[in-house]
Amino acid sequence: MPVSVKVQTVHPRILAAVRRQVAPGAVGSTWKPALDKVWEFLRSQPGLRTDGHNIFLYHHAKQPGAPMVCDFGVQVTRTFEPTGEVYATKTPTGQAAVAVHRGPYDLMNEAHEAIGKWMAANQRECAGYSWEIYGDPTPDPADTETAIMYLLK
């Protein structure tokens with residue numbers, strides 16, 4: 001089934017996050033230890049997280065193939081003082097190309113590729129940021145949804 005891409009106005013979401021510099025293709029081996037630190041912090045902060053989702057914010061490298069800065073985070077209700085490696089940040093605001101991936105995470109690249117093709121076909125460019133908002137896991141991975149957003153210039 002083809003992935004649908006839409007343009008939406010997006011608003012900032014506050015995150016509790018841990019930042020990592022990640023080599024191309026290494027997100028899969030980097031995210032869990034970083035996100036574990038965020039969840040450990042959140043367990044010590046009652047009320048900071050209510051029903052927010054995991055969100056990975058990618059700061060695209062200017063040089064192709066260069067490492068990328070990634071904020072591995074969880075949506076929270078308010079900003080807070082940094083503790084250890086966990087700090088408050090926000091997703092960007094503006095117009096974004098958005099696709100929803102339904103299915104296992106290892107096939108999520110199809111949605112990223114669909115957005116890339118859409119941007120090329122519509123003469124739009126990424127403004128340097130993309131992010132993934134992970135929906136609640138489902139018993140059947142085929143039903144799990146992840147929203148993928150690319151900020152547009």
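That block above? That's the structure.
Residues numbered from 1 in each chain as written. Predicted model: local features only at pLDDT ≥ 70, side-chain atom pairs only at ≥ 80, totals over all residues. Heavy atoms only, no water.

Re the pairing of strand β5 (residues 87-90)
Here β5 shows a buried face lined by Y87 and T89 and an unburied face lined by A88 and K90. Judged from the four bridges that link them, strand β2 (residues 14-22) and β5 form a sheet pairing that is antiparallel. Bridge assignment links A16 to a residue of β5, and that residue is A88. (Buried < 20%, exposed > 50% of the residue type's maximum accessible area, 1.4 Å probe, protein only. Helix = DSSP H or I, 4+ residues; strand = E, 2+ residues; numbered from the N terminus. Pairing = 2+ DSSP bridges.)

Quick look at helix α2 (residues 109-121)
The terminal C-alpha atoms of α2 lie 18 Å apart, and with 13 residues this matches the ideal 18 Å at 1.5 Å per residue to within 8%. When α2 is considered as a whole, its buried residues turn out to be A111, H112, A114, I115, W118 and M119. Each buried residue of α2 sits inside an arc of 160° when the element is viewed along its axis, so together they form one side. Among the exposed residues of α2, those oriented more than 90 degrees off its buried face are K117, A120 and A121. On the buried face of α2, the contacting elements are β1 (5-10), β6 (94-102), β7 (126-134) and β8 (145-152). Just downstream of α2 lies Q123, where phi reads positive at about 50°. (Expected span 1.5 Å × (residues − 1). Arc of directions from axis to C-beta. Contact = heavy atoms within 4.5 Å.)

A short note on the sheet that holds β1
Read from one edge to the other, the open sheet built from eight strands follows the order β1-β6-β8-β7-β3-β4-β2-β5, with strand pairing classed as antiparallel. Only two strands of the sheet have a single neighbouring strand rather than two, namely β1 and β5. Adjacent strand axes in the sheet meet at a mean angle of 35° when their direction is disregarded. In terms of strand pairing, β6 meets β8 through seven bridges, oriented antiparallel. The residue bridging R102 from the neighbouring strand is E145, located in β8. Contacts between helix α1 (residues 27-43) and the sheet are confined to β2, β3 (54-59) and β4 (68-75), with β4 contributing the most and set at about 40° to the helix. Across the sheet, α2 touches β1, β6, β7 and β8, and the angle it forms with β8 is around 30°. (Axes fitted to C-alpha atoms, helices over the stretch in contact; angles between N-to-C directions.)

A word on the pattern of salt bridges
Oppositely charged side chains can pair when the atoms bearing their charge come close. Tallied over the full model, the rule gives six salt bridges. A salt bridge links E85 to K37; the shortest N-O distance between them is 2.5 Å. In this pair, E85 sits in the loop between β4 and β5 while K37 sits in helix α1, placing the two residues 48 residues apart along the sequence. In this structure E85 comes out as partly exposed when scored by relative accessible area, which is 38%. As a salt-bridge pair, E145 and R102 come within 2.8 Å of each other at their nearest N and O atoms. Taken together, the residues span a long stretch of sequence, with E145 in strand β8 and R102 in strand β6 at a distance of 43 residues. (Salt bridge = Lys/Arg side-chain N within 4 Å of Asp/Glu carboxyl O.)

These figures come from the coordinates and say nothing about function on their own.
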